[in-house]
Amino acid sequence: MSLWKKLLWFAVAALGTWAVAMLALSRGEHISALWIVTAGFCALSISYRFYSKWLATKVLMLNEQRATPALLQDDNKDYVPTNGWMVFGHHFAAIAGPGPLVGPVLAAQFGFLPGTLWILIGATLGGGVHDMIVLFASIRRGGKTLGQMVREEIGRGVGLLALVSVLAIMIILLAVLALVVVQALAESPWGVFTIATTIPIALVMGIGLRTGKVSVTAVTIFGLLGLAFGVWGGQFLAHFSAIESWFRHDQKWLAWAIMIYGLAASILPVWMLLTPRDYLSTFLKLGTVAMLAAAVMLINPTLHMPAITKFIDGSGLVFAGPVFPFVCITIACGAVSGFHSLIASGTTPKMITRESRIRSIGYGAMVTEMMVALMAMIAACVLQPGEYFAINTKGAPTEVVAKISAAGFPVTEAEMQKLATNLGESTMFNRAGGAPTFAVGMANMFARVSTKPTALALWYHFAIMFEALFILTTIDAGTRVGRFLLQDFLGNLWRPLGNTRSWTANFFSSVLLVAAWGWFLYEGVIDPLGGINSLWPLFGLANQLLSVVALCLGTTLLIKMRKSKYLFVTVIPLCFMCAVTFSAGYLKVFSPDPRLGFLSGAQSLLSQAAAVTDPVKAANLARQATIWRFDAFVAVFFLVLVLMIVLGSAKQWWQLLRGTKRVVLHESEFVPITAAQLAQF
């Protein structure tokens, strides 16, 4: 490296350090959101340029001459050699679900500093390593899933535990994601129109590319024009009531539509719908995030949320729980996400054509998602704290205003009504969940660039649609990956069901999986009090538990590859995530605070049910208590399974390091990539 490049990277490091220092040392004074953007860009640049390159060349030793599963097992369905940019688009769209949008918004109740620090550190030192090493492992093993690799590398018993836990967690994750989309799109013709438009556009793109007669550039231009029409044209549906009625649907209709779409995405060849649609969605995702970054630079908004609030002790108004471990659990996908390991060992390794792209896709997509999470944090923290808490706190408006003002964040009902009117909504009270808050913050920044009086409402509804599209691309890829996992499990019972080349086996497994998460989704739609809504607290915990399983696999592989001197790259994140997940799990189950603990919360609900005279209300409270007890059982089930996986893995590490167990590395045989393949891809 030349002297000038060294000076340049030193300047980038110094600027990033200065930005973090400005954020960390601020107490009481107003801080510009530009410091968060600056810290993020510097962390992204340095970590990708140096750390990911070191991982690729020294730790994993990626081999450009080694043929990948996409080239060796091309079956025109799941294993399909795909353009590198389209694979990146698919992978980023699949991993970037609600976590980087909703998680940081909810975590903003602790202040902007804890969440920002965890996003920066977690994504660069934990999430990027986690995603990259699982993607590498799957490619070296013929595109095998996480459960298969754990069974082969760690042990059959541990592998079976991993497969069961991953399948159970996957069903809950997909159901919760689908419910978020349904709630965002219900009675929203614009959002439904945009998402419906992307499906035929993706089919045309996929077929055009598959013919070999249309270039990626031409297909991309066509897709972008179609996407622009879908985003822009949806706002005019209000002028055509007959057409608008085609796209205005309730939650039940949308639930069935999403189930049918998930089934199609799981069964159809990956090149036909899944890959082009995710690739197309990535442009909207990255384009919107880039616009947010540009808006921050242009208007230089102030972070009104304090760096650290008094709610770090666990007394939060948005959700209960202390800053550690719940800032990590809440942010989830924005820093370290176990769901990423399912995509990295599911669809993505079956499409990559060169090992060198493991770095840009595995690590690069993760740090790109880090920037999305930082933008979400900014969107929440540029709001007035009183408005932020009023949107996310449950209760009657008068009670909410009194509670928030007493906590030191003054807000009035008149201010909230004015906000709702400007957004084109009837009220902004009781809009918890993070998604509406992100939309308000995003609309607030975009509207300041425009002089139109309706700009705030227009950008708010655009943001709601954007969030639904963001999450839906996780559901389609997740369903396909879930089908792979289910076939792994069913193949142990009857071998033909595990054959991914069989249309019959694929269809049967897809229907079974969609029926599983679809049942939870439909229960949540028809019974919001006692359905899947109650499983939302499990989302972050289950997601992070998956990362523990993946990091156990990564540590095992490094030992078997005789890379023990590099074990710290997986062991440090593994130890930290174990501390996060098991402490959070214990608190969620056994905390005496009824707002936090499942068991104490269930007991509190039963006490309330006994005190009310309305039999319908009492029955609903009793049913909610039953669901909370079920949540406690599920949490304990997950924690025990993952603890057994960690202990089983640690036992094998001890045996391997002492030399009392023979090292068997289940890598696929080396097959060199041909010159023609290298030139083509």
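Presented here is a report on the structure given in the accompanying data block.

Rules used in this analysis
Residues numbered from 1 in each chain as written. Predicted model: local features only at pLDDT ≥ 70, side-chain atom pairs only at ≥ 80, totals over all residues. Heavy atoms only, no water. Helix = DSSP H or I, 4+ residues; strand = E, 2+ residues; numbered from the N terminus. Rg over C-alpha atoms; globule rule 2.2 N^0.38 Å. Buried < 20%, exposed > 50% of the residue type's maximum accessible area, 1.4 Å probe, protein only. Contact = heavy atoms within 4.5 Å. Areas by Shrake-Rupley, 256 points an atom, 1.4 Å probe, with all protein chains shown as cover. Lys, Arg positive; Asp, Glu negative; His and termini not counted. Charge placed at Lys NZ, Arg CZ, Asp CG, Glu CD. Salt bridge = Lys/Arg side-chain N within 4 Å of Asp/Glu carboxyl O. Polar contact = N/O pair within 3.5 Å; in protein donor to acceptor, adjacent residues only side chain to side chain.

**Considering the overall build of the protein chain**
Along the protein chain, the regular secondary structure elements total 27 helices and two strands. Its C-alpha atoms give the protein chain a radius of gyration of 24 Å, within 12% of the compact-globule value 26 Å for 681 residues. Expressed as a percentage of its 681 residues, the buried residues of the protein chain come to 59%. Excluding contacts between residues fewer than 6 apart, the proportion of contacts in the protein chain whose partners are at least 24 apart in sequence is 83%. When the accessible surface of the protein chain is totalled, it reaches about 25900 Å², and 67% of it is carbon and sulfur. Charge-centre separation for the protein chain: the mean point of 47 positive side chains lies 11 Å from the mean point of 30 negative side chains.

**Looking at the pattern of salt bridges**
This structure, assessed with the given rule, holds eleven salt bridges. Salt-bridge contacts for glutamate 667 lead to arginine 66; the nearest nitrogen and oxygen are separated by 3.9 Å. In this pair, glutamate 667 sits in the loop between α26 (615–658) and α27 (675–680) while arginine 66 sits in the loop between α2 (34–59) and α3 (69–72), placing the two residues 601 residues apart along the sequence. Taking the shortest distance from any N to any O, the salt bridge between glutamate 153 and arginine 141 comes out at 2.9 Å. Taken together, the residues span a long stretch of sequence, with glutamate 153 in helix α7 (residues 146–153) and arginine 141 in the loop between α6 (112–140) and α7 at a distance of twelve residues. Here the two residues glutamate 153 and arginine 141 agree in accessibility, since each one is buried. If you follow the salt bridges from partner to partner, you end up with Arg66, Arg140, Glu355 and Glu667 in one network.

**Remarks on unusual backbone geometry**
Negative phi values dominate among residues other than glycine, just as trans dominates among peptide bonds. The omega torsion across phenylalanine 324 and proline 325 is 15°, close enough to zero to call that bond cis. Positionally, proline 325 belongs in helix α14 (residues 323–331). At alanine 332, a residue that is not glycine, the phi angle is positive and equals roughly 50°. With respect to the helices and strands, alanine 332 occurs in the loop between α14 and α15 (339–344).

**Regarding the side chain of threonine 393**
Within the secondary structure, threonine 393 is located in the loop between α17 (385–392) and α18 (397–406). Engagement of the side chain of threonine 393 in a polar contact is seen with the backbone oxygen of phenylalanine 389, the distance being 2.5 Å. Beyond its immediate stretch of four places on either side in the chain, threonine 393 contacts Leu317, Val400, Lys403, Ile404 and Asn430.

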